[in-house]
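Listed below are the residues making up each chain.
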Amino acid sequence: MARLAGLPIVAVVGRPNVGKSTLFNRIVGARTAVVEDRAHTTRDRLYGDAEWNGRRFVVVDTGGLDAAAGVGVIEVKVQEQAHLAINQADVIIFVVDAIAGLTPPDREAADLLRTSRAPVLIAANKADNSARELDANEFFELGWEETYPVSALHGRGVADLLDAVVWDLPPESPEEIARKEREREADLWAKDAAFGMLAPIVVGERDEEEDDGQGEEDEEATAASAEERRWDAMIAAEGEDAEVAIAIVGRPNVGKSSLLNALLGEERVIVSDIPGTTRDAIDTPLAWGRSQVVLIDTAGVRRRGRVANGPAADKYSALRALRAISRADVAILVIDAVEGLTSQDAHIAGYVVEEGKGLLVVVNKWDLLAEKTDRTFDQYVDWIRHDAPFLDFAPVISISSKTGQRLDRVLEAAVDIWGERRKRISTGELNRLVSVAAERQAVPMVKGRRPKLFYATQVAVAPPTFVFFAREAGSVHFSYQRYLENRLREAFGFDGTPVRLVFRERSSVQLSERRAAKLAAGEGGAGGSRPAGRAKPGRGSAATGGAPSAGGTPAASAAGARSAAGTSSAARISAARGSAATARPRSGAPVKPARSSRKGSSGARPKGRPSS
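Quick notes on the rules
Residues numbered from 1 in each chain as written. Predicted model: local features only at pLDDT ≥ 70, side-chain atom pairs only at ≥ 80, totals over all residues. Heavy atoms only, no water. Core = buried A, V, L, I, M, F, W, Y, C linked by side-chain atoms within 4.5 Å. Buried < 20%, exposed > 50% of the residue type's maximum accessible area, 1.4 Å probe, protein only. Contact = heavy atoms within 4.5 Å. Pairing = 2+ DSSP bridges. Helix = DSSP H or I, 4+ residues; strand = E, 2+ residues; numbered from the N terminus. Axes fitted to C-alpha atoms, helices over the stretch in contact; angles between N-to-C directions. Parallel < 35°, antiparallel > 145°, perpendicular 65-115°, else oblique. Left-handed = near helix turned anticlockwise from the far one by under 90°. Nonpolar A, V, L, I, M, F, W, Y, C, P; charged D, E, K, R; others polar. Phe/Tyr/Trp six-rings, centres within 6.5 Å; stacked < 30°, edge-to-face > 60°. Lys NZ or Arg CZ within 6 Å of the ring centre and 35° of its normal.

Draft legend 1. Region of interest: the nonpolar core. Among the nonpolar cores identified, the biggest contains 53 residues, and Leu 23, Phe 57 and Ile 93 are the most heavily contacted of them. Residues contacting Leu 23, with those up to four places away along its chain left out, are Val 12, Ile 93, Val 95, Ala 123, Ala 152, Val 158 and Leu 161.

The structure is reproduced here in structure tokens:
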């Protein structure tokens, strides 16, 4: 391919250990490539987007050009990857070392670059001062007119180099021009929406009266067409940012790079039987239906002790693999079918779950298993569920990157998991499920108190996050939380994505607000110090709706009437006992006499009256 996504390609090439990866990181503005003061650190082609003076282009970092490289598998493939980058490039940056000067490997690399049709710019790296900038004149001997002394580490002279790169880029492609037009339309739409100037689009409506002229119709059609283009631009701009990022992770030498090459249908990355072949996290776009997915090949994640005691490149590779998981939507965990699920595989899967990413377990090298039966895969799944029970939500697929067995199901499952992560459940439907679950299994008691669930709502997607408001929220046992999660998965799916449940105490602020609302709705009595629904009986109030006493005011009378109407039956009986002297008894109801003041007659009953 000559170009990637309609953008020109700028290849950074040179002999080993001249600072190509440092210059690559400086141009793309991020520490994407692994940098170490050791030759042959970079192996695969590493792509990154850059923009300078309004022109976007793709920068490619390559392994060192070395004609005297060994005959090992990795060394040969590194040279092949570098040659592919040179053939694809529209502009080539030839990086040399200003301190070491012109060397025979530089001359051999220059002989190779002379066969390329792309323009070549010499970047004399490590020119940190004026004296070294003068030493860079030595490289004019190679025959190219433009040599730029730069310091990739400090950024010195890089701007002049990028000016020359943009000058030598080919004209913008139709895809790039269309992208800029969409961005411009989206910016205009955003400005109009911010100022409230964007009118809604009404489809199918026409005025009842005919237009006065054809000119007005054309003007309205032009305005509607402009609005539609703005909406289309906004949707297109959002669609460009909605790429599915899928990271391929796992231990070293389980077949991650082989899986990437098999999905792409080309030798995109170096594959060998030597563990640790891949060092960088390599992003590769792939057309999928009407959209595009980004596949991220990562280095194998070793055990923490081996990384700490190993080379610095292994540590940086592990960090970039973990960063790839953080920026991905779905992670494909590749395990070896021969070795099965190991503790390191479970550790990597645990990191994916903690990050809230979708997870797909792929059992690679299925073709190497001997004596397979129709029950072999089910037994494998049972072993995975038993050894790592926290992965019971993750789908499992058995494949063979070498033979292509069931490869078509990998991306389908990954994209489906991406959709499950963005599933949203309505609050009403969610609370109906929670009510049924609580009726079927009550919340267990903790220290003599039973937590109570009031309601739940979904507050986020990717991953789906649900907040449960409860009393004694901190006492909800983890087993009951798992029970609710299982009920959610049974009802709504969420296959392949973690589900987060947050239990929050119903705050006292909400209760005080409700109490204040009641006070405002039924305020009455003396100076508003007591709500009307809780008026003190006696003293000018009729507990059962009777007339107020002589000292009562009309406001107090109205408050007493509202109190009698709004209180419960128990409150009415209590009020009647406290105001028996002024309340009218109900017909046929027994009346308890007033207590006598004579000594010893407190418990006597009148003759002929039934006891109350």
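Picking up after the structure, the text goes on.
Draft legend 2. Region of interest: the sheet that holds strand E4 (residues 91-97). The 6 strands are arranged E2-E3-E1-E4-E5-E6 in an open sheet whose pairing can be described as mixed. Two strands bound the open sheet, and with one partner strand each, they are strand E2 (46-52) and strand E6 (147-149). Recorded for the sheet is a direction-independent mean angle of 25 degrees between the axes of neighbouring strands. Both E4 and strand E5 (residues 120-125) contribute to a ladder of 6 bridges, which runs parallel. By the bridge assignment, Phe 94 is partnered in E5 with Ile 122. Contacting strand E1 (9-13), E2, strand E3 (55-61), E4 and E5, helix H1 (residues 20-28) crosses the sheet at an angle of about 155 degrees to E3. Along the sheet, helix H5 (residues 158-168) contacts E1, E2, E3, E4, E5 and E6; its crossing angle with E5, the most-contacted strand, is approximately 170 degrees.

Draft legend 3. Here's a closer look at the packing of helix H14 (residues 427-440) against helix H15 (residues 478-492). Following both chains from N to C, one finds H14 and H15 inclined at 130 degrees, their axes separated by 11 Å at the closest point. Taken together, the axes of H14 and H15 are oblique relative to one another. As for how H14 packs across H15, the hand of that crossing is right-handed. Touching Glu 429, Leu 430, Leu 433, Ala 437, Ala 438 and Arg 440 of H14 are Tyr 480, Tyr 483, Leu 484, Arg 487, Leu 488, Ala 491 and Phe 492, all from H15. Here the residues of the contact of H14 with H15 sort into 10 nonpolar, no polar and 3 charged.

Draft legend 4. Region of the structure containing the packing of aromatic side chains. Per the counting criterion, the structure on display carries 8 aromatic pairs. Where Phe 94 meets Trp 144, the ring centres are 6.3 Å apart and the plane angle is 70 degrees; that geometry is what we call edge-to-face. With Phe 94 in strand E4 and Trp 144 in the loop between helix H4 (130-135) and E6, the pair connects residues that are 50 residues apart, well separated along the chain. Like Phe 94, the residue Trp 144 is buried in the burial classification. Considering the side-chain rings of Trp 366 and Phe 377, the 6.2 Å spacing of their centres and the 80 degrees angle between planes classify their relative orientation as edge-to-face. Of this pair, Trp 366 sits in the loop between strand E11 (358-364) and helix H12 (376-387) while Phe 377 sits in helix H12; the two residues are 11 residues apart in sequence, bridging distant segments of the chain. Here Phe 377 falls in the partly exposed class, since its relative accessible area comes to 26%. Directly above the ring of Phe 494 sits Lys 423, whose terminal nitrogen or CZ lies 5.6 Å from the centroid. Over the ring of Phe 454 we find Arg 506; its NZ or CZ atom is 3.7 Å from the centre of that ring.

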